[in-house]
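What the coordinates show
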Amino acid sequence: MSKTKKQSLSGGGGNGDSLEILNYKPKDLVWAKMKGFAPWPAMIVEPPLELLNNTHKTNAKCVFFFGSRNFAWIEINNIKPFEGPWKEQLSKLNKPASFRQAMEDIKKHMEDPTEIDEFISKSTGIRSQPTEADFDKIRDGYTTEDENTIDTNANNLDNNGEISDVDDNKDGGVVTAEAVAATTATVVKTPAKRVPKPKALTAPTTKVAKSAIAKTSTKRRASQTPATTKRKRNDTTPPHINNDYLEENASPRRRLLPEALAHIGGNVSPPRRNNTSIALLERPHVRVPETQTIDMSTRSQTLAERDIVPSDLTFGFLGLGIMGSTIVKDLICTGHKVVVWNRTMSKCEPFREAGADVKETPEDVVNAADIIFCCVSDPKASKDLVFGNCGVLRADLCNKAYVEMSTIDPETSQDIAEGITQSNGRYLEVQIHGTRQEAEDGMLIILAGGDRTVFDECQSCFKTIAKNTFFLGADVGNACKVNLILQTILGVSLVGLSEALALADRFSISLKDILDIFQLTSMKSDLLLAKGREMAKGDFNPQQPLSHMQKDLRLVLSMAENLDQSMPVTSITNEVFKHTKRLGYSEHDSSAVFVRSRF
């Protein structure tokens, strides 16, 4: 075995290499050793698109090989920093010409990294700062190759700096030697760094141009790396070394038509996109959904047709979010006396104008009402309203009832119930299942548990906002469990729907056709059809915020963990929602999970 083959890059020595290996980051220059071949100058990079799904070990890094300019996954124990006591030994071993070319390539990169960085960016499909001009080019059907062709024709130069046959001479004559000399002189003064091109790809030039350039560019050509010629690769050449990489990468990309940037739900799905467009589309501009103001003058037809006799009791309401504000509006429209409070006081103004009494603290609401409803975003907010400063327990709860309508876990509901009952109050947990639109139409489902007398006293309110009401017994926590189970079914279904529609979109199948067919099957669901249409249109105005859905899935998994219940599908669903939140869609509707599946 040759000396080259025996060379090792094991990082397990006693020189502290193991700590260094664990800290490799993109842009680090290294020696990378592919199994069975010599160490090679390389750089740690983000993996290109074609390598993302390739099987590799968890302790592997994606490296860019200089010279061949290819990418590969290399285990970190086969990687060493480029600078070190071993550099001289590794760089002076008996290596082929391709290795010397790689050493020249990394040396040029250390002097000026611009060319290599641009090459890597194009190969990986990553553009760190996409501009409006990039989107315009994609919209108009231009690709990077089109732009380069335009620039080349404008300068009448090929990639080797020679004069091409394309001429702007209006008379159609032959290029003169004087013109060639003048142009060549300009090129020599401002030489551009160019990648050598194989002779087979070099465009033919006129005899006059070649003779004129030969004398003026000899010195410039001598200082550059000579263009590689096509040769047969021997058996000892590593698979990642290929001097003909320019020929292999020379195939043109497909043009992206303007339809490729159509909105998410277009009937015509976009064709396969090039790397540039994928990189741009993976960084969509996320618009925060506009705050929907409550319109107190309107009333749904369904609610208007109901014969509702309002209760003589005064109802307090803590929290005027998406669901809370809609419920309060329905109560006011049906003649109930309502006292409200919200952390952001400006949201109370429309209800004040409609006749509601606005208080400054939760304690004030308890003192002014007979039954107090709470509808906030999460368990922590629910506990803060009860146990915090100026909270519910600061008031006198004798002959008062407290109704918790927030989506919380059973343990939190039990803690709140204990605090209320110890303060001589009555407690009822009420879980509301449905969307904002269903709340406006009075079509929610009520799941209740706790004090039956409170449940009976709230019947006029429940009849206003719900189509069905269920009392699940006096045990506090049952309603929360049932609601979280229903939310699990909904969350998993939404992720399955989004992935199916994303697959249809990749096949260029109309999403509208898929939904029309789905509506005719036994699987049809009004909710999934509505969510599917929102996905197809790209309309993610919040009916149920995505962050709330992810919170519910987190509560479900916590509840299952306490029982040692395995829920792998729900766990994956939760991760999908978490990733969608990280993309910036936290306050959008839960149907925005389609964005995560599509890109």
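Residues numbered from 1 in each chain as written. Predicted model: local features only at pLDDT ≥ 70, side-chain atom pairs only at ≥ 80, totals over all residues. Heavy atoms only, no water.

Right, let's talk about the overall build of the protein for a bit. Along the backbone of the protein there are 27 helices and 13 strands. Per-residue burial for the protein yields a buried fraction of 45% across its 599 residues. Counting contacts in the protein only where the partners sit at least 6 residues apart, residues at least 24 apart contribute 69% of the total. (Helix = DSSP H or I, 4+ residues; strand = E, 2+ residues; numbered from the N terminus. Buried < 20%, exposed > 50% of the residue type's maximum accessible area, 1.4 Å probe, protein only. Contact = heavy atoms within 4.5 Å.)

Our focus in this paragraph is the environment of L331. Relative to the elements of secondary structure, L331 occurs in helix α14 (residues 322-333). Each C-alpha atom, one on L331 and one on F315, is 9.2 Å from the other, the two residues being 16 residues apart in sequence. Leave out the neighbours within four places in its chain, and L331 touches H336, V338, C461 and T464.

This part is about the pairing of strand β4 (residues 71-75). The sheet contact formed by strand β3 (residues 60-65) and β4 spans 5 bridges and is antiparallel. Each bridged residue has a counterpart across the sheet, and for F64 the counterpart in β4 is F71. Remark: 5 residues form the turn of the hairpin made by β3 and β4, two consecutive strands paired antiparallel; G67 in that turn has positive phi of roughly 85°. (Pairing = 2+ DSSP bridges.)

What follows deals with the confidence of the model for the protein. Averaged over all residues, the pLDDT of the protein equals 76, while 67% of them reach at least 70. For the stretch residues 1-6, pLDDT sits under 50, and the model shows 6 contacts to residues farther than four places along the chain or on other chains. Note that pLDDT drops below 50 for residues 127-131; the model gives that stretch 7 contacts with residues more than four away or on any other chain. (pLDDT = per-residue confidence, 0-100.)

Here we take up the sheet that holds strand β2 (residues 39-44). The strand order across the open sheet built from 5 strands is β4-β3-β2-β1-β5, with neighbouring strands paired in antiparallel fashion. Whereas interior strands pair on both sides, the edge strands pair on one side only; in this sheet they are β4 and β5 (79-81). Each strand of the sheet is rotated relative to its neighbour by a mean of 50°, with strand direction disregarded. Most of the contacts of helix α4 (residues 97-111) go to β2, to which it runs at about 30°, and overall it touches β1 (29-33) and β2. (Axes fitted to C-alpha atoms, helices over the stretch in contact; angles between N-to-C directions.)

Right, let's talk about the sheet that holds strand β11 (residues 426-433) for a bit. Read from one edge to the other, the open sheet built from 8 strands follows the order β8-β7-β6-β9-β10-β11-β12-β13, with strand pairing classed as mixed. Looking along the sheet, the strands with just one partner apiece sit at the ends: β8 (357-358) and β13 (466-471). The pairing of strand β7 (residues 337-341) with β8 spans 2 bridges and is classified as parallel. The residue of β8 that forms the bridge with V339 is D357. Each of β11 and β12 (444-450) touches helix α22 (residues 478-506); the most contacted strand, β11, lies at about 10° to it.

This next bit is on the side chain of T570. With respect to the element layout, T570 can be found in helix α26 (residues 568-585). Apart from the residues within four sequence positions on either side, T570 is in contact with T488, V492, L553, V556 and L557.

In this section: the nonpolar core. Soluble globular proteins tend to pack their nonpolar side chains together in the buried interior. Judged by nonpolar contacts, the single largest core of 36 residues is most densely connected at V340, F373, V403, M405, V430 and I432. Among the elements that make up this core, the one with the highest residue count is α14 (5 residues). M43, L51, F71 and W86 belong to the second largest nonpolar core, which has 30 residues in total. (Core = buried A, V, L, I, M, F, W, Y, C linked by side-chain atoms within 4.5 Å.)

Quick look at the packing of aromatic side chains now. A complete count under the given rule lists 11 aromatic pairs for this structure. Ring centres 6.0 Å apart and planes at 55° place the aromatic pair F64 and F119 in the tilted group. Of the two residues, F64 sits in strand β3 while F119 sits in helix α5 (residues 114-124), which places them 55 residues apart along the sequence. F64 sits in the buried class, given a relative accessible area of 0%. Residues F540 and Y585 carry aromatic rings whose centres are separated by 6.4 Å and whose planes lie at 90° to one another, so their mutual orientation is edge-to-face. One end of the pair, F540, is in the loop between α24 (526-537) and α25 (546-562); the other, Y585, is in helix α26, with 45 residues separating them in the sequence. For the pair formed by F540 and Y585, the shared burial category is buried. The lysine or arginine in question, R69, covers the ring of F119, its NZ or CZ lying 5.5 Å from the ring centre. One residue, R452, lies across the ring of F471, its end atom 4.8 Å from the ring centre. (Phe/Tyr/Trp six-rings, centres within 6.5 Å; stacked < 30°, edge-to-face > 60°. Lys NZ or Arg CZ within 6 Å of the ring centre and 35° of its normal.)

Most of β2 is tucked away, with 6 of its 6 residues classed as buried. The alternating pattern of β2 places P39, P41 and M43 on one face and W40, A42 and I44 on the opposite face, and all of these are buried. Sheet topology places β1 next to β2; 5 bridges connect them, and they run antiparallel. Opposite A32, over in β2, you have W40 as the bridge partner. Strand direction decides the pairing type here: β2 and β3, joined by 3 bridges, are antiparallel.

With that settled, the discussion passes to the environment of S547. For S547, the location among the structural elements is in helix α25. Residues S547 and Y585, 38 residues apart in the sequence, show an inter-C-alpha distance of 8.2 Å. Once residues within four sequence positions are removed from consideration, S547 is found in contact with K581, S586 and E587.

Next up on the list: the pattern of salt bridges. All chains considered together, the criterion is met by 17 salt bridges. For D505, the salt bridge is made with R598, and the minimal N-O distance between the two is 3.0 Å. Taken together, the residues span a long stretch of sequence, with D505 in helix α22 and R598 in helix α27 (residues 593-598) at a distance of 93 residues. Residue D505 shares its accessibility class with R598, and that shared class is buried. Close ionic contact of K531 with D589 constitutes a salt bridge, the shortest N to O distance being 2.7 Å. Taken as a pair, K531 in helix α24 and D589 in the loop between α26 and α27 lie far apart in primary sequence, 58 residues in all. In terms of burial, K531 and D589 fall into one category: buried. Residues participating in the shared-partner salt-bridge network are R69, D105 and E115. (Salt bridge = Lys/Arg side-chain N within 4 Å of Asp/Glu carboxyl O.)

So, about unusual backbone geometry. Trans peptide bonds make up the majority, and among non-glycine residues the majority have a negative phi. A positive phi is found at K27, a non-glycine position, where the angle reads about 85°. Take K27: it is sitting in the loop between α2 (17-21) and β1. In this structure, C390 takes a positive phi of about 60° despite not being glycine. By the element assignment, C390 lies in the loop between α17 (379-387) and β10 (401-404). Assessed through its relative accessible area of 37%, C390 is described here as partly exposed.

Once that is clear, we can look at the packing of α25 against α26. When two helices pack together, their arrangement is given by the angle between the helix axes and the distance between those axes. Where α25 meets α26, the axes come as close as 9 Å, and the angle between the chain directions of the two elements is 150°. In terms of their interaxial angle, α25 and α26 are classed as roughly antiparallel. For the element pair α25 and α26, the recorded crossing hand is left-handed. Between α25 and α26, the contacting residues are L546, S547, M549, Q550, L553, R554, V556 and L557 on the first element and T570, S571, T573, N574, F577, K578, T580, K581 and Y585 on the second. Of the residues in the contact of α25 with α26, the class split is 7 nonpolar, 7 polar and 3 charged. (Parallel < 35°, antiparallel > 145°, perpendicular 65-115°, else oblique. Left-handed = near helix turned anticlockwise from the far one by under 90°. Nonpolar A, V, L, I, M, F, W, Y, C, P; charged D, E, K, R; others polar.)

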